[in-house]
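Next come the chains, spelled out residue by residue.
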Protein chains: 2
Amino acid sequence: MNQADLQAQPWQLSERARKLTSSAIREILKVTERPEVISFAGGLPSPATFPVEEMRVACDRILRDSPAAALQYSATEGYLPLREWVAQRYSVNGASIRPSQVLITTGSQQALDLLGKVLIDPASRVLVETPTYLGALQSFSMYEPNYVQVPTDEHGLIPETLDSTLTAGARLLYAQPNFQNPTGRRLSLARRTALAAFAQRAGFPVIEDDPYGALDYAGTPLPTMLSMAPDHIVHLGSFSKVLSPGMRVGYIIAPEELHFKLVQAKQATDLHTPSLTQRIVHEVVKDGFLETHIPKIRSLYRDQCAAMLAALQEHMPAGVEWNRPEGGMFVWVKLPQHIDTMKLLEQSIVQHVAFVPGGPFFANEAEHNTLRLSFVTVPPARIDEGVAKLGALIRAQV
Amino acid sequence: MNQADLQAQPWQLSERARKLTSSAIREILKVTERPEVISFAGGLPSPATFPVEEMRVACDRILRDSPAAALQYSATEGYLPLREWVAQRYSVNGASIRPSQVLITTGSQQALDLLGKVLIDPASRVLVETPTYLGALQSFSMYEPNYVQVPTDEHGLIPETLDSTLTAGARLLYAQPNFQNPTGRRLSLARRTALAAFAQRAGFPVIEDDPYGALDYAGTPLPTMLSMAPDHIVHLGSFSKVLSPGMRVGYIIAPEELHFKLVQAKQATDLHTPSLTQRIVHEVVKDGFLETHIPKIRSLYRDQCAAMLAALQEHMPAGVEWNRPEGGMFVWVKLPQHIDTMKLLEQSIVQHVAFVPGGPFFANEAEHNTLRLSFVTVPPARIDEGVAKLGALIRAQV
């Protein structure tokens, strides 16, 4: 929306709303819904992984056995058996998580909004990875912070860079340690340990956003920072990537003092997450379903990732770099400095190939020669075809 | 939470979070969940009105016919067939509402949060009824406005009082014209017309929050202000009182320029309302179900209301006043000036009778001799028993 559009508003908007601009990328990517487009742009999990039959049976059982409770208003904190399940699941590696620390959210996106509400004032400093999850920037930006970019490399955020110049006056540090969106990078064990130790002396919470942790191809997850510093880490989890994103069920595990404030903020925000979706999720997961289900997703995504890496190897010219994800849904590609991926997207869309340019994932200074490829929804043959087209476009410019 | 608790926070909270205090009333009312308590305190619809079987069949059909779409991420604006249904339903009395004006929200509470996000800056003036819906105060307060109380009487908000002293610099006016929570009052037709005309020249939107409009006992609804001034009224609707509150499905009908900003704010808040709950609601309502279902709710609530009014007539001493609602779920009771209903609640809880003191429903200066009674979930015999106890307590103090 340009300045003329802003002036067309008949009413005075809040400062935060005036700063909202419509995304040029979002406009371009609208075409990705057409079937002829090979889209590496989505952040969507593969619908092949949705446990449809289990959900249907669960919903049917809930509406037969406890319809009044499933359809009535319920507690802001969430459905207690689900909160207990989450607490139990995280009580590993010596950590003891209490249900009273768990708040069920309307997807993890709401967790970000609530943290912004409770922790950020205008001009508060907020530390984020370089690059970071675009949706977190969108949520936090509603509370008008000043972002500080924390340096990263192929092993994720670099804890050694967190000196007082960077961290003075910060309200939170936001990180995705597992298979980060957009880079697919995993924070190493040594750095987790260092960052958890940092959290214990920081004076502000470290947010461990972990939607992709279960999607570890080798099935050898690294310990969460929550397990290392449970009183100083705020952990965000989600059922979006292991069951269904359309259900919008996530959770925040936080120290009780902060939990209490988050509950109050949630009450003002949507009263509670739908009773039915919470109960469906609980009914599906309560007897160990994920122990057999998650390995299937891992296996599918591992194969999809291999197809993407093979295609990149085959079709990308020299000077193009990418990582080899050990889990998750994304690979991060770096082109020669002079190639602007926003312009590249305009060209590739004409050839029916879509991706997300890297620029919007940077809080401040962006690397415009980067892009994110999602590899979980496109069949391998089409992955090869799409990457070949993308490679040819890049080859013509190097 | 008292000052000592606030200081116990290990981290710096936002200004808005520091202002959040836990409600003494909420603490007292926790006991209302016990079966021996006769609770007039809830804002819950009667579970007898939930169309359980229709919901179960709808959910089953959706998860058989379109599971991938029902479980996948979906558009922030909401499920298009549901948006079309809403637009169609409001295109009456000469109004023409477009689906492009409809945003599906995670309950009406989220509509209030999004309006706060998009319209309110710290210290912005926000006009509210006297008294007003507590949940709206909670939502808007997150954006730190200065409230201005608009005078009301038994016919609702008094439009003649909206002079420039009251309205200068306001960002929005918030009203519940039908069977308001907490008073049960309905805004008269003449005042709707006047308020809609005011909206057209105000320079800020008038919010018409209408969760109870369908619960009109006589089935003779007054026209919405939306139908009178569709370019200047923002209308909030909900399925909570006609289908199920636990589903958390509501909607905002707004002029397109504002709709566009609300969509951006919602994207940052929870991405979208759950795909499944939206589709269940649409599947249940799409073929006219509400035309037979709503009259049943009306009839039940009319009888419940009659039982409450008869009990008040029977048991309240002289000097106690109340209104005779024409719809909705609440009656508003005014006691002699010297009786503080917060103290009365402490006494009545001992006798296992609960209500909500009126004080918290006032944005600024409160009338502490008021209280709200909900009459839809307690069986008539218990209504009489509860009101008799309450009447005896009051009688002892007049």
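Refer to the structure above for everything that follows.
Computed from a predicted structure; not experimentally measured. (Residues numbered from 1 in each chain as written. Chains lettered and ligands numbered in written order. Predicted model: local features only at pLDDT ≥ 70, side-chain atom pairs only at ≥ 80, totals over all residues. Heavy atoms only, no water.)

Enquirer: Sorry, what's going on with the sheet that holds strand β15 (residues 370-374) of chain B here?
Expert: Sheet strands pair by backbone hydrogen bonding; their relative direction is either parallel or antiparallel. All names here are of chain B. The sheet built from four strands is open, its strands ordered β11-β12-β15-β14 with antiparallel pairing. Two strands close off the open sheet at either side, each with one partner strand: β11 (321-322) and β14 (356-357). Inspection of the sheet shows strand β12 (residues 330-334) paired to β15 by five bridges, in the antiparallel sense. The partner of F330 across the bridge, within β15, is S374. Where helix α14 (residues 289-315) meets the sheet, it contacts β11, β12 and β15, and its direction lies at approximately 15 degrees from that of β12. (Pairing = 2+ DSSP bridges. Helix = DSSP H or I, 4+ residues; strand = E, 2+ residues; numbered from the N terminus. Contact = heavy atoms within 4.5 Å. Axes fitted to C-alpha atoms, helices over the stretch in contact; angles between N-to-C directions.)

Enquirer: What should I look at first to understand the pattern of salt bridges in this one?
Expert: A pair can form between side chains of opposite charge whenever their charged atoms are brought close. Evaluated as defined, the whole model comprises 39 salt bridges over all chains. Taking the shortest distance from any N to any O, the salt bridge between R382 of chain A and E385 of chain A comes out at 3.9 Å. Of the two residues, R382 of chain A and E385 of chain A are both situated in helix α16 (residues 380-395); the distance of three residues between them amounts to about one turn of the helix. In this structure R382 of chain A comes out as partly exposed when scored by relative accessible area, which is 27%. Here K266 of chain B makes a salt bridge to D270 of chain B, at a shortest N to O gap of 3.0 Å. In this pair, K266 of chain B and D270 of chain B both sit in helix α12 (residues 256-270), four residues apart, roughly one turn of the helix. (Salt bridge = Lys/Arg side-chain N within 4 Å of Asp/Glu carboxyl O. Buried < 20%, exposed > 50% of the residue type's maximum accessible area, 1.4 Å probe, protein only.)

Enquirer: Is there a simple way to think about the packing of helix α12 (residues 256-270) of chain A against helix α7 (residues 107-119) of chain B in this case?
Expert: When two helices pack together, their arrangement is captured by the angle between the axes and the distance separating the axes. Interaxial distance between α12 of chain A and α7 of chain B falls to 5 Å at its minimum, and their mutual angle equals 100 degrees. The orientation of α12 of chain A with respect to α7 of chain B, classified from their angle, is roughly perpendicular. Listed contacts from α7 of chain B to Q267, A268, T269 and D270 of chain A of α12 of chain A are Q109, Q110 and D113 of chain B. Of the residues assigned to the contact of α12 of chain A with α7 of chain B, the class counts are one nonpolar, four polar and two charged. (Parallel < 35°, antiparallel > 145°, perpendicular 65-115°, else oblique. Nonpolar A, V, L, I, M, F, W, Y, C, P; charged D, E, K, R; others polar.)

Enquirer: I keep staring at the interface of chain B and chain A and nothing clicks. Help me out?
Expert: The interface is formed by 81 residues belonging to chain B together with 81 residues belonging to chain A. Buried area between chain B and chain A, summed over both chains or domains, comes out near 7000 Å², and the portion from carbon and sulfur atoms is 61%. The interface formed by chain B and chain A includes four salt bridges. Between chain B and chain A we count 38 residue pairs in polar contact (both at pLDDT 80 or more) in total. Of all the elements in the fold, those that place two or more residues in the side of chain B that touches chain A are α2 (15-19), α4 (52-65), α5 (67-71), α7, α8 (134-141), α12 and α13 (275-285) of chain B. With 10 residues, the top contributor of residues to the side of chain B that touches chain A is α12 of chain B. Per-class residue counts for the side of chain B that touches chain A are 38 nonpolar, 26 polar and 17 charged. (Buried area = accessible area lost by both parts, 1.4 Å probe. Polar contact = N/O pair within 3.5 Å; in protein donor to acceptor, adjacent residues only side chain to side chain.)

Enquirer: When you look at α4 of chain B in this model, what are you seeing that I'm missing?
Expert: Helical geometry note: an α-helix holds 3.6 residues per turn, so side chains three or four residues apart project in the same direction. With 14 residues, α4 of chain B extends 20 Å between its outermost C-alpha atoms, agreeing within 8% with the 20 Å of an ideal straight helix rising 1.5 Å per residue. Within α4 of chain B, burial applies to M55, R56, A58, C59, D60, I62 and L63 of chain B. Lining the buried residues of α4 of chain B we find α4 (52-65) and α5 (67-71) of chain A together with α5 and α13 of chain B. (Expected span 1.5 Å × (residues − 1).)

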